[in-house]
Amino acid sequence: MTTTTPDPLLAAEGITVRFGGLTALSDVGLAVAPGTVVGLIGPNGAGKTTLFNVVSGVVRPQHGTVAWKGRVLRAHRPHHLAGLRIARTLQGLNLFPGLTALENVMVGADRLARGGTFAMLTGLGHYHGDERRLRERAMAALEEFGVADAARALPATLPFGVQKRVALARALVADPELLLLDEPASGLSGEDITALGEAVRGFSARMGVLLVEHHMDLVMAVCDHIVVLNFGQVIAQGTPAEIQADAAVAQAYLGAAEEDSDA
Amino acid sequence: MVSLRNHESTAPAPRARRGGGPGAAGRWRALPALVRFPLAALAAFTAVLALTSLTGPAEDLRIGSVGYYMLAIAGLQLLIGYSGQVSLGHGAFMFIGAYTMALLVLHQPAFPLWLNMLLTVVVSCAAGVLVGAATARLHGPYLAGATLALAVGLPALTVRFPELLGGSNGLAFSVRGAPPALAGVVTTSQWQAAAVWLTALVGLVVLATVNAGRLGRRMRALRDDESAAALAGIPVGRTKVTAFLISAGSGGLAGACQAYLLGTATPSSFTVALSLSLLAALVLGGLGSMWGAFWGAVALVYVELWGQELAHSLSLGTNVANNLPIVFFGVLLILVILIWPQGLHGMFSRLAGLVRRGR
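Residues numbered from 1 in each chain as written. Chains lettered and ligands numbered in written order. Predicted model: local features only at pLDDT ≥ 70, side-chain atom pairs only at ≥ 80, totals over all residues.

Participant: Could you give me a rundown of the overall build of chain A, with the residues and numbers involved?
Facilitator: Of regular secondary structure, chain A possesses ten helices and ten strands. Relative to the compact-globule value of 18 Å for 263 residues, chain A shows a C-alpha radius of gyration of 19 Å, a close match. Seen along its three principal axes, the alpha-carbon backbone of chain A occupies a region of about 65 × 40 × 35 Å. Every one of the 263 residues in chain A was classed for burial, and the buried ones make up 46%. (Helix = DSSP H or I, 4+ residues; strand = E, 2+ residues; numbered from the N terminus. Rg over C-alpha atoms; globule rule 2.2 N^0.38 Å. Buried ≥ 20, exposed ≤ 12 C-beta atoms within 10 Å, placed from the backbone.)

So this is what it looks like as structure tokens:
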């Protein structure tokens, strides 16, 4: 919260979410400053995804606020995120199977179009310019992730690692200021995870990153700040070194205080 | 615009295009939608004019019917194939279009045809927004059920308001044919078929433009994955309603063309069977392509005709003869889908591919 920088991009404060009698989150706070990578970790069912959903406007908290660049978001919905320049990846790849890789990324770039409904319906105005602009931006994003060759292929015909890059390109093509990454390492091999870690560090030069991840080596390697959730509460936060040394974290993950390696 | 493009390439482009060389298709695709689709529509319109100059009044009527069915099916294609919303009640929008047209002709005889068509589009689009907004939260079979109810219920309005809508006999009216200056050149039926095709092709150009652009991509994205589309900033609900609006506008305009062509609007033309036929014709023609709408419309008009002729030549009993066209259509649908899941369009493009490879 105030520990990172005085002027965070995203600040969630006092978030409490109950589903019926179950308290999924209880008075949770979190802040992401520009140019930093914040990790959100915790055992299964700790409330990480619920917090992500609160930030993305999928779940509305009973208490607490989410502020974006100092402005409190009261009624935002998932489709407003792109306009706020927040990108989110989903746990699965969630590529559009009926669209080519290029078209997938062009959908991600939709925010950058200038034309309105009139142009989309009639083919007049910005229609043609928008098509060209989105196509160029999407192609550049695919090139940035080294998968430009796959532009005309349907997602199902591509290897998993390439699909993952296309999904990242789709999230990043519209130049977000905050990237929410939901378990990006799942299903990746060791080498790919190392490359992903480097990529995430690279993103942080341009934007803030909030990372939910189970893969501890990756989290420890890329994060500037880590927030640990357990049973809907923040049990620890600090630098990777502080978290690794924290007894409560070790207990939450392993159920025994004397162990200190990751899960 | 065409010549501008050609200047960019070093090859003698016009000749290469005529020769159908490998670059011609690519160059055609590179044209902006705003040029490409109207040019294609112009070519189709010329073909229809040439065709109707050879045929008699009965055939002109059938050619006109292909035109408006094509428009209705293409609108349904945008809704089902692109935005992924299944409507079993598209006949209801044709009903709205036909009755709007009939009422305008009867009560505002001074209005020109184009204005009537325009007003029909406005009315049916408004109906589409209402239905789309009401059903935006429904998916799959629930949406299909809701639209089916519309197709069942709406034509009953005619019986409820017999003074205005003419009861079960419907509304009959006469339309103006060819302008006096062209009286000796074109017949009324030729003029009507041409007017219907011109309207349908203008509608088709709009649909093709939408499909090829941002809105079409938005629709396909939300059809494939709603949450991922929302995270890309696509307003899911609004896009779904827009798809309904466009599709309803096409259906309404098709209904108006039908009323104009036949000079009547009767509730018995807009039964649930019509809605289901449109859907069947869409699947038969091929989901995912404008050509599918054309083949579907051709099948809808001519398979029924051939069925009738067959029944006539076999001198069957009326019970059998009346149902033979439907059986005919059903068998064709099953056969085509079994052999070519992409429909008639898939069949033709497969055959074209074979021919090209064989050369």
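Participant: Got a sec to walk through the interface of chain B and chain A? Specific residues and values, please.
Facilitator: In this complex, chain B contributes 25 residues to the contact, which on the side of chain A involves 28 residues. When residues in the side of chain B that touches chain A are grouped by element, the largest group, seven residues, is from helix H12 (residues 214-224) of chain B. Its residues assigned to classes, the side of chain B that touches chain A shows 15 nonpolar, four polar and six charged. (Contact = placed C-beta atoms within 7 Å. Nonpolar A, V, L, I, M, F, W, Y, C, P; charged D, E, K, R; others polar.)

Participant: So, the domain arrangement of chain B: which residues are in play, and what are the values?
Facilitator: Accessible area lost upon the coming together of the parts is a frequently used measure of interface size. One can read the domain layout of chain B as domain 1 (33-267) and domain 2 (271-359). Counting residues per element, the ones that place at least two in the side of domain 1 of chain B that touches domain 2 of chain B are helix H5 (57-82), helix H6 (90-107), helix H8 (140-153) and helix H11 (188-212) of chain B. (Domains from an automatic or database assignment.)

Participant: Residue-level account of the sheet that holds strand E4 (residues 63-68) of chain A, with values.
Facilitator: Adjacent strands of a sheet form backbone hydrogen bonds with each other and so pair up, either parallel or antiparallel. Residue and element names in this part refer to chain A. With respect to topology, four strands assemble into an open sheet ordered E2-E1-E4-E5, the strand pairing being antiparallel. With partners counted over all chains shown, the strands left at the sheet margins are strand E2 (22-32) and strand E5 (71-73), one partner each. Sheet twist, expressed as the average angle between the axes of neighbouring strands with direction ignored, equals 30°. Bridge count between E4 and E5: three bridges; the pairing is antiparallel. Bridged to Trp 68 within E5 is Arg 71. On top of the sheet, helix H1 (residues 48-56) reaches strand E1 (10-19), E2 and E4; it is set at about 115° to E1, its chief contact. (Pairing = 2+ DSSP bridges. Axes fitted to C-alpha atoms, helices over the stretch in contact; angles between N-to-C directions.)

Participant: A description of the domain arrangement of chain A should follow, citing residues and the corresponding values.
Facilitator: All names here are of chain A. When the domains of chain A are assigned, the result is domain 1 (1-85 + 176-263) and domain 2 (97-169). Domain 1 and domain 2 are separated by 28 Å when their C-alpha centres are compared. Taken together, the contact pairs five residues of domain 1 with four residues of domain 2. Its residues placed into classes, the side of domain 1 that touches domain 2 shows two nonpolar, two polar and one charged.

Participant: Give a description of the packing of H5 of chain B against helix H14 (residues 236-262) of chain B that names residues and reports values.
Facilitator: Residues and elements named next belong to chain B. Between H5 and H14, the least distance of the axes is 8 Å, while the angle of their chain directions is 170°. Between H5 and H14, the angle is such that the two are roughly antiparallel. Within the contact of H5 with H14, the residues separate by chemical class into 17 nonpolar, eight polar and no charged. (Parallel < 35°, antiparallel > 145°, perpendicular 65-115°, else oblique.)

Participant: Can you lay out the UniProt feature "transmembrane region" (unreviewed entry) in chain B for me, pointing to particular residues and giving the numbers?
Facilitator: Here, UniProt's "transmembrane region" (unreviewed entry) annotation points to residues 33-54, 66-84, 91-107, 113-135, 142-161, 194-213, 278-303 and 323-340 of chain B. Secondary structure content for residues 66-84 of chain B is 89% helix and 0% strand, and the end C-alpha separation is 25 Å. (UniProt positions renumbered as here; feature names shortened; annotations may be inferred.)

Participant: How would you explain the sheet that holds strand E7 (residues 178-182) of chain A if you had to name every residue and give the values?
Facilitator: Residues and elements named next belong to chain A. Ordered in space as E6-E7-E8-E3-E9-E10, the six strands form an open sheet in which the pairing is mixed. Both edges of this open sheet fall to strand E6 (86-88) and strand E10 (233-238), since each of them pairs with a single strand only. The average undirected angle you get between the axes of adjacent strands in this sheet is 15°. Where strand E3 (residues 37-41) lies against strand E9 (residues 225-230), four bridges are found, and the strand directions are parallel. Residue pairing in the sheet places Leu 40 in a bridge with Val 227 of E9. Contacts between H1 and the sheet are confined to E3, E6, E7, strand E8 (208-212) and E9, with E7 contributing the most and set at about 150° to the helix.

Participant: Go over the environment of Ala 280 of chain B with me, naming the residues and quoting the values.
Facilitator: Residues and elements named next belong to chain B. Summarising the element assignment, Ala 280 is placed in helix H15 (residues 272-285). In this structure Ala 280 comes out as buried when scored by C-beta crowding, with 20 C-beta atoms within 10 Å. Here the alpha-carbon distance between Ala 280 and Ile 73, two residues 207 residues apart in the chain, equals 9.6 Å.

Participant: Residues and numbers for the environment of Gln 244 of chain A, please.
Facilitator: In this fold, Gln 244 of chain A is placed in helix H9 (residues 240-244). Remark: the alpha-carbon pair of Gln 244 of chain A and Ala 174 of chain A, spanning 70 residues in sequence, is separated by 35 Å.

Participant: Explain unusual backbone geometry to me, using residue names and the numbers behind them.
Facilitator: All names here are of chain A. We note that Asn 94 has phi near 50°; this positive angle belongs to a residue other than glycine. Following the sequence through the fold, Asn 94 ends up in the loop between E6 and helix H3 (101-108). We classify Asn 94 as partly exposed; it has 19 C-beta atoms within 10 Å. For Phe 231, which is not glycine, the phi dihedral falls at a positive 45°. Residue placement: Phe 231 occurs in the loop between E9 and E10.

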